[in-house]
Amino acid sequence: MRIDTTQLAGLPTPAYVYDKALLSETLAAIKAEIRDNANYHVHYAIKANDNPDILAAIAREGFGADCVSGGEISAALAAGFPASEIAYAGVGKADWEIRLALDAGIGMFNVESREELEVISQLATETQTEARVSLRINPDVKADTHAHITTGRAENKFGIAYEEMIPTIRLACQLPNITCVGLHFHIGSQLLDMRDFENLCLRINELQDLLDEQSICLGNIDVGGGLGVSYTDPDGQPIPDFASYFATFRNHLRLRPGQQLHFELGRAVVAQMGSLLTRVLYVKHTAAKDFVILDAGMTELIRPALYGALHKIDNISAAERGDADQRHSYDVVGPICESSDVFARDYILPRTERGDLLMLRSAGAYGQTMASTYNHRPLPHTFIL
Ligand code: LLP
């Protein structure tokens, strides 16, 4: 975040603060990497951050959208994403959501089961529309990430088992008002080891060889999202390593002539442009520990409580006071009545006082979208600077 911190002093807290310039640079970096691949399409995963102004900025740059609910499809359309560039995934699509997607004429449903395929066919027939579907295949590829955000193993609830791929494609071809247009995959999130994506490519190559044997060729391959960001060094690595990411697919995935390759990046697009701005309510001294108690908690940013995630913490006020050199160890906690409401334990900060402004960094993805009103708290403010 390269926002001038003097702009933050008067803002109410807790607040999400977004750096518009960094978002633009990140979008430009993605576009530069895929410039020479006219068949590459990046759909921004709206679940990471659904702020309407952020969505509109991403839509203006020509990206598509990846949605997982009827609400996200409506938000994508309102922000200006073309319906034809919307992909819609999710294991539990409700009838009203399927109807909304059919009405809008979205680009593709990423279908997660035979049961869902049959319902989409029935609803498309009723509404006299045609559903373009990609089958989400569970590739049974292990990815090196937190257990809560790995999705591509056989035991996860997502997708169609890869042994079922060919019979399900045959079913899709027989069902009325369904056009089978591709295959979809997603192995997990916050992946930094490119070998995970390489393994996905190898599995897709095997599956495409099986399809060749049956003379089936589908026009679209969607490899999902998952590229991670540096939570430890947001200033050193404000823009994720898109070059290595796209090169992995270029080098390892064998596309068939004319095939389109789709990506669904969420976190990598928006994480580093956002910070959670919060004020210190109390510095509580006990025999065991010193606690910094913030006005933001797990209600504003649940990732530490849910995944054990660590977001870098900056004390802006201490830096301005000239206290930056006086290091001290604190447990940094929120005000919520839960012992898991802890942002960091034994965290080294400059000497911290009541009223100090702190920033929890890399909070642009899965921060505001996962906020809740638990303890009857208001949702956080938002400022785009
Ligand atoms: N496509 C599908 C089908 C997905 O399920 C997801 C994320 C994405 C794309 C985007 O993944 P990304 O590029 O952002 O990794 N709340 C968790 C992350 C959950 C991700 C769920 N699916 C967190 O805060 O780490």
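Further up the page is the structure itself.
This one's a predicted model, so the numbers in the text were calculated from it and none came from an experiment.

1. Focus on the overall build of the chain
So, point 1. Secondary structure assignment for the chain yields 11 helices and 17 strands.
So, point 2. For the chain, whose C-alpha radius of gyration is 22 Å, the value lies close to the compact-globule estimate of 21 Å for 385 residues.
So, point 3. Overall size of the chain, expressed as C-alpha extent along the three principal axes, is 70 × 40 × 40 Å.
So, point 4. For the chain, the residues scored as buried account for 56% of the 385 residues in total.
So, point 5. Within the chain, residue pairs in contact and separated by at least 24 positions form 72% of the contacts whose partners lie at least 6 positions apart.
So, point 6. For the chain, the accessible area works out to roughly 15900 Å², and carbon and sulfur atoms hold 51% of it.

2. A word on the site of the ligand
So, point 1. In the vicinity of the ligand, 18 residues are found, and the nearest of them are Ser189, Glu264, Arg303, Tyr307 and Tyr366.
So, point 2. For the ligand, a nitrogen atom lies 3.3 Å from a polar atom in the side chain of Asp66.
So, point 3. Contact distances for the ligand include 2.6 Å between an oxygen atom and a side-chain N or O atom of Arg303.
So, point 4. Look at the ligand: alone it shows 580 Å² of surface, and the protein chains cover 92% of it.
So, point 5. Residue composition of the shell around the ligand, by class: six nonpolar, six polar and six charged.

3. Observations concerning the pairing of strand β3 (residues 64-67)
So, point 1. Because side chains alternate across β3, one face comprises the buried residues Gly64 and Asp66, and the other comprises Ala65 and Cys67, equally buried.
So, point 2. A crossover links strand β2 (residues 40-45) with its parallel partner β3, the connecting element being helix α2 (residues 52-60), and its sense is right-handed.
So, point 3. Where β3 and strand β4 (residues 86-88) come together, three bridges link them in parallel fashion. Across the sheet, Cys67 pairs through a bridge with Tyr88, a residue of β4.
So, point 4. This β-α-β element, β3 to helix α3 (residues 70-79) to β4, shows right-handed connectivity.

4. Points about the nonpolar core
So, point 1. Of all hydrophobic cores here, the largest spans 101 residues; its most connected members are Ile58, Phe109, Leu183, Phe246 and Val270.
So, point 2. With residues near it in sequence (within four places) discarded, Leu183 still touches Ser134, Leu135, Ile137, Met165, Ile169, Leu211, Leu218, Asn220, Ile221 and Asp222.
So, point 3. Core analysis: the second largest hydrophobic core is formed by eight residues, Ile3, Leu8, Val17 and Met359 among them.

5. Structural notes on the pairing of strand β11 (residues 274-285)
So, point 1. In terms of strand pairing, strand β1 (residues 15-18) meets β11 through four bridges, oriented antiparallel. Bridge pairing in β11 places Tyr16 opposite Leu276.
So, point 2. Where β11 lies against strand β12 (residues 290-294), five bridges are found, and the strand directions are antiparallel. Residue pairing for β12: Val280 is matched across the bridge by Leu294.
So, point 3. What sits between the antiparallel neighbours β11 and β12 is a turn of four residues.

6. Comments concerning the packing of helix α6 (residues 165-174) against helix α7 (residues 194-213)
When two helices pack together, their arrangement is given by the angle between the helix axes and by the axis-to-axis distance.
So, point 1. Between α6 and α7, the least distance of the axes is 11 Å, while the angle of their chain directions is 55°. Between α6 and α7, the angle falls in the class oblique. Here the hand of the crossing between α6 and α7 comes out right-handed. From α6, Met165, Ile166 and Ile169 reach across to α7, where they touch Leu207, Leu210 and Leu211.

7. Looking at the side chain of Thr299
So, point 1. Secondary-structure assignment places Thr299 in the loop between β12 and α10 (303-307).
So, point 2. Among the residues examined, Thr299 registers a relative accessible area of 1% and is labelled buried.
So, point 3. Separated by 2.9 Å, the side chains of Thr299 and Arg377 make a polar contact.
So, point 4. Setting aside chain neighbours within four positions, we find Thr299 in contact with Ile336, Ala371, Ser372, Tyr374 and Arg377.

8. Observations concerning the environment of Pro167
So, point 1. Within the fold, Pro167 resides in helix α6.
So, point 2. Since its relative accessible area comes to 39%, Pro167 is described here as partly exposed.
So, point 3. Along the backbone, Pro167 and Arg114 are 53 residues apart, and their C-alpha atoms lie at a distance of 9.7 Å.

9. With respect to the packing of aromatic side chains
So, point 1. Using the criterion set out here, one finds 11 aromatic pairs in the structure.
So, point 2. Residues Tyr16 and Tyr18 carry aromatic rings whose centres are separated by 6.1 Å and whose planes lie at 20° to one another, so their mutual orientation is stacked.
So, point 3. For Tyr16, a relative accessible area of 0% translates into the label buried.
So, point 4. In this structure an aromatic cluster arises from ring pairing among Tyr40, Phe197, Tyr245, Phe246, Phe249 and Phe263.
So, point 5. Across from the ring centre of Tyr88, 5.2 Å away, lies the NZ or CZ of Lys93, which sits over that ring.

10. Notes on the packing of helix α5 (residues 114-126) against α6
So, point 1. As a packed pair, α5 and α6 sit with axes 11 Å apart at the nearest point and diverge in direction by 10°. The pairing of α5 with α6 is recorded here as roughly parallel in orientation. Judged by residue contacts, Arg114, Leu117 and Glu118 of α5 engage Pro167, Thr168, Leu171 and Ala172 from α6.
So, point 2. A breakdown of the residues in the contact of α5 with α6 according to their chemical character gives four nonpolar, one polar and two charged.

Parameters at a glance
- Residues numbered from 1 in each chain as written.
- Predicted model: local features only at pLDDT ≥ 70, side-chain atom pairs only at ≥ 80, totals over all residues.
- Heavy atoms only, no water.
- Helix = DSSP H or I, 4+ residues; strand = E, 2+ residues; numbered from the N terminus.
- Rg over C-alpha atoms; globule rule 2.2 N^0.38 Å.
- Buried < 20%, exposed > 50% of the residue type's maximum accessible area, 1.4 Å probe, protein only.
- Contact = heavy atoms within 4.5 Å.
- Areas by Shrake-Rupley, 256 points an atom, 1.4 Å probe, with all protein chains shown as cover.
- Near = heavy atom within 4 Å.
- Polar contact = N/O pair within 3.5 Å; in protein donor to acceptor, adjacent residues only side chain to side chain.
- Nonpolar A, V, L, I, M, F, W, Y, C, P; charged D, E, K, R; others polar.
- Right-handed = clockwise from strand over helix to strand, strands pointing away.
- Pairing = 2+ DSSP bridges.
- Core = buried A, V, L, I, M, F, W, Y, C linked by side-chain atoms within 4.5 Å.
- Axes fitted to C-alpha atoms, helices over the stretch in contact; angles between N-to-C directions.
- Parallel < 35°, antiparallel > 145°, perpendicular 65-115°, else oblique.
- Left-handed = near helix turned anticlockwise from the far one by under 90°.
- Phe/Tyr/Trp six-rings, centres within 6.5 Å; stacked < 30°, edge-to-face > 60°.
- Lys NZ or Arg CZ within 6 Å of the ring centre and 35° of its normal.

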